[in-house]
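Residue-level structure breakdown
The lines below spell out each chain.
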Amino acid sequence: QKEVEQNSGPLSVPEGAIASLNCTYSDRVSQSFFWYRQYSGKSPELIMSIYSNGDKEDGRFTAQLNKASQYVSLLIRDSQPSDSATYLCAVKKLTGGGNKLTFGTGTQLKVEL
Amino acid sequence: DVKVTQSSRYLVKRTGEKVFLECVQDMDHENMFWYRQDPGLGLRLIYFSYDVKMKEKGDIPEGYSVSREKKERFSLILESASTNQTSMYLCASSNRGSYYGYTFGSGTRLTVV
């Protein structure tokens, strides 16, 4: 079982719709959770972080965390063509491994006109 | 904003050459990381460092070494480049602590011929 799992996609949504990206993780000691956006040929860019159960909103982005279900998601409201990218979920454990992030392989999002 | 600078955007080297990839960060981060990214395999950790002159192996250290003589600089060395080391190489840095994500450099696309 992979430590961090994401559906590779592509996930296609129409412009203006809500895009929902999901991620599960296997290690219950995971403490911090991050979403990165990566455009083709570019490096990953941090867009959201979440540490506590519940929702965290930042503009059009909402991160949701459910530690009991070991599940983290990213919602993108009013999706725009510029949101078309690969979204990487990353998880950090407090113990062992120091400050290493473990990344999922990413979900490709396509926002269609 | 934190800036992580990788010395080369594109690099072409011959099999057997010794290759140096340089990474410099300007925000006094303790932690620095080297990843490679390949289609379908996601981000894989090669080496990381929590402090000057300190290094730890990641998931795929074979064929690589690193050097961190100064806090702001973390170098990745391919001792004898091989074609299977053709990849996108990403450097990242972060503050110590579980609540910090990484900031990535722009990446080096290395081709070994």
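As the structure is a computational prediction, the values presented were derived from the model and not from experiment.

**A word on the side chain of A:Q38**
- Tracing the chain through its elements places A:Q38 in strand β4 (residues 30-38).
- A distance of 2.8 Å separates a polar atom in the side chain of A:Q38 from the backbone oxygen of A:K42.

**Focus: the interface of chain A and chain B**
- Taken together, the 19 residues of chain A in the interface contact 24 residues of chain B.
- Summing both partners gives a buried area of about 1,600 Å² for chain A against chain B, and 54% of it is carried by carbon and sulfur.
- Elements supplying a minimum of two residues to the side of chain A that touches chain B: β4, β9 (85-93) and β10 (101-103) of chain A.
- No other element matches β4(A), which puts 4 residues into the side of chain A that touches chain B.

**Describing the state of the cysteines**
- Tallied over the entire structure, the rule returns 2 disulfides over all chains.
- Residue pairing for A:C23: its cysteine sulfur links by disulfide to A:C89, the two sulfurs lying 2.1 Å apart. Across the S-S bond linking A:C23 and A:C89, the dihedral sits near -75°, which makes this disulfide left-handed. In this pair, A:C23 is assigned in strand β3 (residues 19-25) and A:C89 in strand β9, connecting sequence segments 66 residues apart.
- Given the relative accessible area of 0%, A:C89 is considered buried.
- Two residues share a disulfide in this structure: B:C23 and B:C91, whose sulfurs sit 1.9 Å from each other. On the sign convention where negative is left-handed, the bridge of B:C23 and B:C91, at about -75° about the S-S bond, is left-handed. Here B:C23 is found in strand β4 (residues 23-25), whereas its partner B:C91 is found in strand β10 (residues 87-94), with 68 residues between them in sequence.

About the criteria used
Residues numbered from 1 in each chain as written. Chains lettered and ligands numbered in written order. Predicted model: local features only at pLDDT ≥ 70, side-chain atom pairs only at ≥ 80, totals over all residues. Heavy atoms only, no water. Helix = DSSP H or I, 4+ residues; strand = E, 2+ residues; numbered from the N terminus. Polar contact = N/O pair within 3.5 Å; in protein donor to acceptor, adjacent residues only side chain to side chain. Contact = heavy atoms within 4.5 Å. Buried area = accessible area lost by both parts, 1.4 Å probe. Disulfide = S-S within 2.5 Å. Buried < 20%, exposed > 50% of the residue type's maximum accessible area, 1.4 Å probe, protein only.

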